[in-house]
Structure formats: C-alpha cells, structure tokens
Amino acid sequence: MLTLIQRRKKSNIRATARRVMSSKENVLSRLPVMSAKRPAASSNTSGGSGNTSGGSVESTGQPAQKKQRREAEPPRPRAALSTAPVCRPPAAAGVSRAPRATGAATVGAAPSRGVLRQNVVSVAPRGGARPAAAASSSNKAGAPGGAVAAAGGAVAGRRAGWDMRGKVTDMQAKLQSLQSRDRTAREESRELRGAAASAQQRTAQMAEELEGQRGQVAAYRGELAEVREELEREASERRGVQRELGGLQEAHRVVTALHDSQELELQAGRAKLLVQGSSLERLQASLELLQASLQQREQEVRLLQEAVGVQKDALHAGEMERRQLHNALQELKGNIRVFCRVRPLVGGGPSPHILLPADDNKALVLARSEESHVGRTGDTQKTYNFSFDRVFGPSASQQEVFEEISLLVQSALDGYNVCCFAYGQTGSGKTFTMEGGDSDAAVGVIPRAVQQVFLTAHTLGAQGWEFSFTASFVEVYNESLRDLLYAGKGGGKRPEHEIRKSAAGDISVTNLTYQKVATEGQVQNLIAVANQNRSTAQTTLNDRSSRSHSVFQLDIQGENAGRDVRCKSTLCLVDLAGSERVLKSQAQGERFKEMTAINGSLSNLGLVITALANKESHIPYRNSKLTYLLQSCLGGNSKTLMFVNIAPEPDSFGESLNSLRFASKVNDCFVGTASANKNKSSF
Ligand SMILES: Nc1ncnc2c1ncn2[C@@H]1O[C@H](COP(=O)(O)OP(=O)(O)OP(=O)(O)O)[C@@H](O)[C@H]1O
C-alpha cells in the first residue's frame, strides 16, 4: 500500500512537472526571436536566372517577379518575418529557413558588394496574409512581384546614365516599398512586443504556478516524509506485532497441544471414572454386604472374646494349677535329685564292673573281685548297690537325658531357682553331659535348657507373660572367680571379682559381665565366648578346664501385667571340676594346690547339702567360693539336680565308687519344700 501511495504521489509530481515544462515550451515557442537585430533574409540567387525563393529580389521585369514570387512563396500557416538586406551581390549564398509551425523570423543578408545597396525585408505575418500585402506594396512601388528590381539584378536593370527620370522613379518606388516595409515591420514589432509581454506575463504566471507547484511538491515531500516515517513506524510496529503474533502463535500452539493432551487425559480420566464409578457402585454394594457381615462378625467376635476371656481365665487358672501340680510332682520327686550317667567304654563294649539292671533304671551295681582277707578262699565278688532318681547307661542319648531335666527347666520359668551340676572324676563325661558335642544329637543340657526356656517363654507370652533374661558365665579356679564373658584385652589386668549378697538374699559377683539376652542365639554366642576364654587359659600341661568349676547362670524375670503376677528365678548349670582324690593323683606343687581347692569346694558342697538336709542352723555356704556362688540355688526354694558321671574303665573303679557314695549322700538329703519366688498370694 505504501508503495502504491508513493508511486501515485511521484506520478502526480511528474505530471505536474511535465505540465510546467510544456507550458514553458509553449510560451517559448510562441516568442519571436527578439535577439536578431536584423531580420533574416532569405535569398536564393542562381546566376542570372533571378530565381529567388521567399522574399527574393529579382532583376527581371515586375510581371515576371510577381509571378515568381507567387509561385515561390506558398501560403504560410503562421506569420513569418523575413528580412533580406540587399547589400550583397546575388552570388552570395542565401539562407533559407523552413516555415515553422509556431512562427519564425528569417533574416537574410544581401550581398554587400554592388552599386545598389538595398535592404529587402519580408515579413510574413500570421495567417499568411502578409506576404501578399508585401508583394502588393512592392508592386505599388513599381517593383512587380514584391521584389526590388535593383537587388541582385542591378546589373541587368541598370538604367542608362542619361535616364535620370527613370532612376528617380525607381528610387521613389524603392522608397515607397521600404516605407511600406517599415510600417509593416513596426506593426509586427508591436504585435511581437504584445506577444512578448503576454508571454512574459504567461511566464510569470507559469513561474508562479511552478513556484506554487514546487511548494506543493515540497509539501508533498514533507507529507511523503511523514508518510514514510509513519510507514516506518507502522512497519516497526508491524514487525513487533508480527513478533508478538509469532510468540502468541507459538504459545497458542503449545497451549493447543497441552489442551489436546489434557483433553485426551480428561477423556481417559472420564472413561476411567466411569469404570471406577461402576466399580464403586459394585464395591459399595459389596461394602454394604460386608458391613452387614462385619456387624454380624463383630457380634460373633464379641461373643468369642467373651468366650476367650473366660477361656483365658480358665487357662490362667489351669496354668496356675499346672504349676502347683508340677511343683508338687517335683517335690515328690525331691528338691534334690541325683541322676547317674555312665559313660560308654572307650573302644565300646560293656563295662566289667558296672551292672545296670535291665528292669530298674534307678539302680546301679558296682562289682569288683576282692582277695579274701584270710587268703584261704578264692577272690570274693564285692558289690556296691546304688539307687538314684535315674540311672542312664552308656547308650542313653542326650535327648533322653534332657527329658528328665526339662521338668526342672519348666520349674525355673515357673519362678523356682534351679541348679543342675555335673559331678565326677576327670574324663567321666561331665562336660559332654552339660555342653555336649557339635551335632544336633550331641547337644547337651545347657543349650537344650536355653532352647526350652525361650520356647516356653514365647508360649507363655500368649497368656500375657513377658520375660527378660540376663546371662553370666563364671569360672571358679583355685578359689578365685574369673569372668568367662570378659571382653577386655588379653594383655590387660583382669578385674577382681567378689561375691556379694544383698539384703534380699540375692547373690551377685562384682565386675562380672551380666549380659541381657533375648534369643537363644545370643545365649549360644555367649557360650562360645566362654569356651574361647576357657581354652585360652589352659595349656597342654595344665588342663585347666578339668580343674575348675564353670557356672552358667540365666536370671529369669517374668511378668503377667494383666494378671498382676511377677516371678523371678535363676537357672544355674554347673560343670564341676574333676573329683579325683589328691592321694591318687599324687599331685604336687601347683597341681596339689588345685586338687586341694577342688576337693575342698566339692567336700563343702556335700557339707552344705547335708546341712540343708539336716536343717542345721548354719549352712556353710561361705566355706567355698562354689557354694557361696550357688547359695541361692541350693536349699530354700531351689530345686537341685546332680549328675554323677561315671567312667566305666576298671582303673576308675575307686573314683567311681567315691563319686557314687558322694552322690548317694546327696540323694539321701531332703531339702524341704520349695516355694516359688512370687509376689501374689494366690500363686
Ligand atoms: N555319654 C557319652 N557318650 C559318648 N561319649 C562320651 C560320653 N560321655 C563322655 N564322652 C566322651 O568322653 C570324653 C571325656 O568326656 P568329658 O570331657 O565330658 O569328661 P569330663 O568329665 O568333662 O572331663 P574333665 O573333667 O576333664 O572336663 C570326651 O571325649 C567325651 O566326648
């Protein structure tokens, strides 16, 4: 559009300029040539023929000149001025100009050489009427054809010298012709001046118009510049708008794409919603059914809970009854029980001096041939009969042995202190009985008891019981205590331990590791640590484990918060040192000291048990570290189980007899009625 406006304006300006130029040309074309002082003469003379075109002078007779002039000068469309001064001979070259459309003045110079100097002026006024007048004027002057007879043809028309009269006539005619021409010229001059004035006026007018148009052009240019600036601004604005439009289009495209995707999502969501709506309806229907069912079930649950409550009460009452019955049974069995276990003979086979009656699992006969004191008769068979709570032969398995002990482990969970120790000479099978071997079948009393404790505790948990356990492992060697769970550096000095008794009668050891345990595995790890500590303390020459007592204690605390019942007990499992006599071992030095300590502690153990059996006022617990440590597990509310281990080899007969006698003494003790550690009278 801008281009169109610019082109239109330019076109207008050009058209205006063309009009101005055209007007100027018109004016100039209408102007006569005013600069010529002499009118142009047109003369064409050819020899003596006197042939002159347009204003020519001929020396021939006038009729002939008139005729030639008429023929030579055709009528002109516009006035023409032709001045031909006759001052040159006809031989001079003539100047001839073609007639102009807008008028022209022709000035011809006649030859200057000649006797007769005659100016011939031919003025051709507009419309072509003037030539005729001029010719007429010439004819009046006696120069037929409008030509000056003397010009060019002066030689031919020269009068005789004597013809003065004719000469005068000629001169008069000539004068008249010149006068006529002068008048004509003056008239034309006036006309030309008028035309010039008109032309000047017109020029001024045109100049004014031009000036006005220039102003207009300037105005147009200014306007054009403004239009251009405006167009520039508009173009700039348009570019900005286009950029903005591009951004908006891009944003629109993004929004459209987003809208499309959201529309798709919306459609998918609506479809999903429809599906979910139908599913929800189905679910609501199902829910209503379920709620109805739930209410029914809740009613049933309430009834069941009431039944469970009743059953729990019954269960608790049954549990309490079971405990009482169990304890009564254990008391009937005796609070100190002695089990005898005979180790298999190395190499297999039956023991020659140990007899185990097949029909009595509580009897053992130790038999040996002895020389007669008098020597007259042969060897006599000396037999020693022993009876215990249970006798296990060489073929008895670990599981079989533990089944008898498990009743006491149950008593420990019921709140009774339980102590189980193995007595016997070195190599008789004490450690095997208490700890056992690596295989599952060979596992001994301690790991099996620990397993039962945690299983039973878990079972009692369903009845509202919660238990906590604390384990310790101590060694009594040469009447000194050693922490087998000690985790300090081997190079550092181990702490000293002392046995303390609280006002409540609880026994504790100073600086001893009391480890909280919650699982069977944790206890097994502690046993492994204890065995590691024992193995590092012994040497090949000094089998320390055989000459020290190891005491594993598991403190048990139980609580049934719902029933407001608590219990507390200690399960004590002891692997005693070898019981061989000092004289037999013929030990000396350090070994003698060890054996003295062992025998002293074992003898004192027998004394304590005897004192408990005799209900003596003073029980010598403090006479040895072992009895002092086991004080809470011996007597009172405790249940004690003693294993007497017997080696079947013949050379162990004496030690076996000694062990069996000691065990029989313990077995004969009746240590009163045990009472559980309880805090509620109804238990
Ligand atoms: N009932 C048994 N069945 C099979 N092997 C047994 C039995 N009792 C003991 N033994 C084996 O007899 C050997 C000695 O047993 P053990 O070490 O338990 O005796 P100990 O009385 O603990 O000796 P120490 O007093 O030196 O510790 C071991 O190799 C053990 O495996």
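All figures in this text were calculated on a predicted structure; none of them were measured in a lab. (Residues numbered from 1 in each chain as written. Predicted model: local features only at pLDDT ≥ 70, side-chain atom pairs only at ≥ 80, totals over all residues. Heavy atoms only, no water.)

(A) Inspection of unusual backbone geometry at higher detail. For Asn 478, which is not glycine, the phi dihedral falls at a positive 50 degrees. The residue Asn 478 is located in the loop between strand S10 (465-477) and strand S11 (480-483) in this model. Phi at Asn 511 takes a positive value of approximately 60 degrees, unusual for a residue other than glycine. Tracing the backbone shows Asn 511 in the loop between strand S13 (507-509) and strand S14 (515-517). (Helix = DSSP H or I, 4+ residues; strand = E, 2+ residues; numbered from the N terminus.)

(B) Molecular detail of the site of the ligand. The environment of the ligand is formed by Arg 341, Arg 343, Pro 344, Gln 425, Thr 426, Gly 427, Ser 428, Gly 429, Lys 430, Thr 431, Phe 432 and Ser 546. In this structure, an oxygen atom belonging to the ligand sits 2.9 Å away from a main-chain N or O atom of Gly 427. Thr 431 places a polar side-chain atom, nitrogen or oxygen, 2.7 Å from an oxygen atom of the ligand. Protein contacts shield 67% of the accessible area of the ligand, which totals 610 Å² for the unbound molecule. Ranked by the residues each element gives to the shell around the ligand, the list is headed by helix H6 (residues 430-434), at 3 residues. (Near = heavy atom within 4 Å. Polar contact = N/O pair within 3.5 Å; in protein donor to acceptor, adjacent residues only side chain to side chain. Areas by Shrake-Rupley, 256 points an atom, 1.4 Å probe, with all protein chains shown as cover.)

(C) A look at the nonpolar core. Formed by 51 residues in total, the largest nonpolar core has its most connected members in Cys 340, Phe 388, Phe 421, Val 574, Met 642, Val 644 and Leu 660. With 8 residues, the top contributor of residues to this core is helix H10 (residues 589-613). Once residues lying within four places of it in the same chain are set aside, the contact partners of Cys 340 are Leu 364, Phe 388, Arg 390, Val 391, Phe 392, Val 644, Ile 646 and Leu 660. With 44 residues, the next largest nonpolar core counts Phe 402, Val 450, Val 453 and Leu 526 among its residues. (Core = buried A, V, L, I, M, F, W, Y, C linked by side-chain atoms within 4.5 Å. Buried < 20%, exposed > 50% of the residue type's maximum accessible area, 1.4 Å probe, protein only. Contact = heavy atoms within 4.5 Å.)

(D) Representation of the packing of helix H5 (residues 398-413) against helix H7 (residues 445-461) in the model. At a minimum axis separation of 9 Å, H5 and H7 run at an interaxial angle of 45 degrees. Between H5 and H7, the angle falls in the class oblique. Viewed along their axes, H5 and H7 form a crossing whose handedness is right-handed. In this structure, H5 uses Gln 398, Gln 399, Phe 402, Ile 405, Ser 406, Val 409, Gln 410 and Leu 413 to contact H7, whose residues at the interface are Val 445, Arg 448, Ala 449, Gln 452, Val 453, Thr 456 and Ala 457. Within the contact of H5 with H7, the residues separate by chemical class into 8 nonpolar, 6 polar and 1 charged. (Axes fitted to C-alpha atoms, helices over the stretch in contact; angles between N-to-C directions. Parallel < 35°, antiparallel > 145°, perpendicular 65-115°, else oblique. Left-handed = near helix turned anticlockwise from the far one by under 90°. Nonpolar A, V, L, I, M, F, W, Y, C, P; charged D, E, K, R; others polar.)

(E) Looking closely at the pairing of strand S15 (residues 549-560). Across the 12 residues that make up S15, a large majority, 9, are buried. By the bridge criterion, 12 bridges tie S10 to S15 in an arrangement that is antiparallel. When the bridges of S15 are listed, Thr 470 appears paired with Asp 555. Inspection of the sheet shows S15 paired to strand S16 (residues 565-575) by 11 bridges, in the antiparallel sense. Along S16, the bridge assignment pairs Ile 556 with Ser 569. Between S15 and S16, which pair antiparallel one after the other, the connecting turn spans 4 residues, and Asp 564 there sits at a positive phi close to 55 degrees. (Pairing = 2+ DSSP bridges.)

(F) Broad picture of the pairing of strand S9 (residues 417-424). For S9, a buried count of 8 out of 8 residues is recorded, marking the element as mostly surrounded by other parts of the structure. Along S9, one buried face is formed by Asn 417, Cys 419, Phe 421 and Tyr 423 and the opposite face, lined by Val 418, Cys 420, Ala 422 and Gly 424, is buried too. One ladder, built from 8 bridges, connects S9 with strand S17 (residues 638-646); its direction is parallel. Residue Tyr 423 lies in a different strand from S17, and its bridge partner there is Val 644. Where S9 meets S16, 5 bridges bridge the pair, whose relative direction is parallel. Considered in S16, the bridge of Ala 422 is made with Asp 575.

The values are spatial; any link to function lies outside them.
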